[in-house]
Amino acid sequence: MDDGLRLGDRAFGSRLLLGTGKFSSIETMLAAVRASGAELVTVALRRFNRERSDDDICGPLASMPGITLVPNTSGAMNAREAVRAAVLGREITGSPFVKLEIHPNPHHLMPDPIETYNAAVTLVKEAFFVLPYMPADPVLARRLEDAGCAAVMPLGSAIGSGQGLATLSMLQVIIRDACVPVIVDAGLRSPSEAAAVMEMGGDAVLVNSAIAAAENPTLMADAFAAAVKAGRQARFAGLMPRSEAAVATSPLTAFLAGGGS
Amino acid sequence: MNLVVNGATHPHKGQGAIAELLEELHAAPATVAVMINGEVVRRSRWESIRLAEGDELEIIVAAAGG
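Residues numbered from 1 in each chain as written. Chains lettered and ligands numbered in written order. Predicted model: local features only at pLDDT ≥ 70, side-chain atom pairs only at ≥ 80, totals over all residues.

**So, the overall build of chain B**
Looking only at helices and strands, chain B has one helix and five strands in total. Going from N to C terminus, chain B has its helices and strands arranged as β-β-α-β-β-β. Relative to the 2.2 N^0.38 estimate, which gives 11 Å for 66 residues, the radius of gyration of chain B is 11 Å and therefore close to what a compact globule would have. Of all 66 residues assigned to chain B, the portion counted as buried reaches 27%. A sequence separation of at least 24 residues applies to 52% of the contacts in chain B between residues at least 6 apart. (Helix = DSSP H or I, 4+ residues; strand = E, 2+ residues; numbered from the N terminus. Rg over C-alpha atoms; globule rule 2.2 N^0.38 Å. Buried ≥ 20, exposed ≤ 12 C-beta atoms within 10 Å, placed from the backbone. Contact = placed C-beta atoms within 7 Å.)

This is how it looks when you write it as structure tokens:
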């Protein structure tokens, strides 16, 4: 039923990707990664700080079996900076994947489609498996796919907003038309939204805040994993046809009504 | 020699090798990427580099992030 999520030359059993930001501690984050079953885990970049040299994030993640790191380009304001961040991320992690994100406006964090496209073209030439975070725009999705991206990652709603699938109708179009995996990224709040993405044919979801900011991140990670699996199964099981009217599930025989004896 | 490391002046006491500088900073070489004067210097080229007075370096590590 499921041959796994194919990205670049790799295949992954889990269709839940996890971001590592906003967790209260590294231990909490690692427990959530474990509970989620995620195999692709995003990390950001920052300047080395001697005072914080003990909070190495790559070490503990790399020691977990089956984890592939996906460095992101967060903080990049344009294509040039994003390409540089991607090269730095590859130097540090050794991973061929990059989550390309260019969102210059801190108020809405909407991805810049033009800079994202330009960076994607360069990074594909540099042999990255490019996973571009993008507005839920089917035209851009096609262009990024044609540029050679390994997947497209349209947003459900604004980063960290928990507004769910605000872009639902456009996501449906992107999923219908895409020839590369569609990973819905950003804005998800509840596992039911992740299940909905999978039911409508999405290939994966990337979740961070919904898990990191939950009261119990480990339990929420487990819940998202179950939802993604349930949604994927439902997609293959085939939903029943919708009917305008009620269709009885029990025989409507009249033996309870009337009658003498 | 004086270098600028992550925006701050750093008095380097060695011969200008990247490995020496990382040791001074207590940075684990396997966990960092290095930029010199705005250019990423790949790990494979570290040994061939000699830092010079006033060079501006960025030492970058991975951090938590979505």
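**Concerning the interface of chain B and chain A**
Tallying the contact residues gives 19 residues for chain B and 27 residues for chain A. Mapped onto the side of chain B that touches chain A, the elements with two or more residues apiece are β3 (32-36) and β5 (56-64) of chain B.

**Observations concerning helix α6 (residues 168-177) of chain A**
Because an α-helix completes one turn every 3.6 residues, residues spaced three or four positions apart along the sequence face the same direction. Residues and elements named next belong to chain A. Regarding α6, the residues found buried are Leu 171, Ile 174 and Ile 175. Burial along α6 is one-sided: seen end-on, the buried residues are contained in an arc of 95°. Those residues of α6 that are exposed and angled more than 90 degrees off the buried face are Ser 169 and Arg 176. In this structure, the buried side of α6 is in contact with α5 (138-146), β8 (153-154) and β9 (183-185). (Arc of directions from axis to C-beta.)

Geometric values such as these leave the question of function open.
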